[in-house]
Amino acid sequence: MGIFSVYIVNKAGGLIYQYDHNSQRTEIEKTFSYPLELVLKTFDEKVMVAFGERDGIKVGHTVLSINGIPAEGKYLQDRRDILEVLNDETNYPINIKFGRAKLTANEKLMLASMFHSLFAIGCQLSPEQRSSGIELLETDTFKLHCFQTMTGIKFMVITDPKQTAVDIFLKKLYEVYSDFALKNPFYSLDMPIRCELFDNNLQLAIEQAERLGVSNI
């Protein structure tokens, strides 16, 4: 079980806080012969698997390194174009590491804004008035839990599917926000949270939630 990351989004849809606690990156390293069985394409300045799956490598995985040389966008660290290297038969056999690339700061801002919009759409689609909006999104590898306050602040937590009683942790997160952000005389409402006391108490709450199964926090 585990809590992977925490997002706090203001009422306008802006990301005001994000913390990665236990974000696991699946990395798969294989040696390939020519021709490469996977179809790779450049997307958002990264070389990703567009078609084909094998040995745990899936569509959407990104090239992280080739022969131990780290990838930087669509180029290797030595500035060679990744697709050109992979299309050259003389470079084979070749060792390629695939995995999920870490989200950039801009990508996190964009995803928070997108979820804010989906939350609003969910409320509008509800047949009943005053819908609570999206509270849980579930996949086979993670769950996204959301708690919205009366003032429109959204607390989003991404967890392992087996993590229990996350609703209690979300309320604890709200307490930490109220005590160490809102009561901070230097903090302005709806602005990014930059407070060491908030960071420390959030980390303590997460660790305690994971250790005690959230039941005793």
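Residues numbered from 1 in each chain as written. Predicted model: local features only at pLDDT ≥ 70, side-chain atom pairs only at ≥ 80, totals over all residues. Heavy atoms only, no water.

Under the annotation held in an unreviewed UniProt entry, the protein carries the name Trafficking protein particle complex subunit and is attributed to Lottia gigantea. What UniProt records for the protein under Sequence similarities (unreviewed entry) is the sentence "Belongs to the TRAPP small subunits family. TRAPPC4 subfamily." The record held by UniProt for the protein lists under Function (unreviewed entry) the comment "Core component of the TRAPP complexes which has a function of guanine nucleotide exchange factor activity for Rab1 GTPase. Plays a role in vesicular transport from endoplasmic reticulum to Golgi and autophagy. May play a role in dendrite postsynaptic membrane trafficking." (UniProt positions renumbered as here; feature names shortened; annotations may be inferred.)

A. Region of interest: helix H2 (residues 105-125). If you check H2, its first and last C-alpha atoms are 31 Å apart, about what 21 residues at 1.5 Å a residue would give, namely 30 Å. Within the span of H2, buried status applies to Glu107, Lys108, Ala112, Phe115, His116 and Phe119. (Helix = DSSP H or I, 4+ residues; strand = E, 2+ residues; numbered from the N terminus. Expected span 1.5 Å × (residues − 1). Buried < 20%, exposed > 50% of the residue type's maximum accessible area, 1.4 Å probe, protein only.)

B. Inspection of the nonpolar core at higher detail. One finds Ile8, Val157, Phe169, Tyr177, Ile193, Phe198 and Leu202 to be the most contacted residues of the largest nonpolar core, which totals 24 residues. Within the residue set of this core, elements represented by two or more residues are strand E1 (3-9), strand E2 (15-20), strand E12 (154-159), helix H3 (166-182) and helix H4 (196-212). Sorting elements by how many residues they give to this core places H3 first, with seven residues. When sequence neighbours within four positions are dropped, the list of residues in contact with Phe198 reads Ile8, Tyr17, Val176, Tyr177, Phe180, Ala181 and Ile193. (Core = buried A, V, L, I, M, F, W, Y, C linked by side-chain atoms within 4.5 Å. Contact = heavy atoms within 4.5 Å.)

C. The pairing of E12, seen in detail. Of all the six residues making up E12, six are buried; the element is thus mostly covered by neighbouring parts of the structure. Burial along E12 is two-sided: Lys154, Met156 and Ile158 and Phe155, Val157 and Thr159, pointing in opposite directions, are all buried. Of the strand pairs in this sheet, E1 and E12 are connected by six bridges, and their pairing is antiparallel. Residue pairing in the sheet places Val9 in a bridge with Lys154 of E12. The pairing of strand E11 (residues 143-148) with E12 spans six bridges and is classified as antiparallel. Among the inter-strand pairings, His145 is bridged to a residue of E12, identified as Val157. Between the antiparallel neighbours E11 and E12 lie five residues, among them Gly152 with a positive phi of about 95 degrees. (Pairing = 2+ DSSP bridges.)

D. Structural view of the domain arrangement of the protein. Partitioning the protein into structural domains gives domain 1 (3-23 + 104-212) and domain 2 (27-99). In this structure, domain 1 and domain 2 have C-alpha centres spaced 34 Å apart. (Domains from an automatic or database assignment.)

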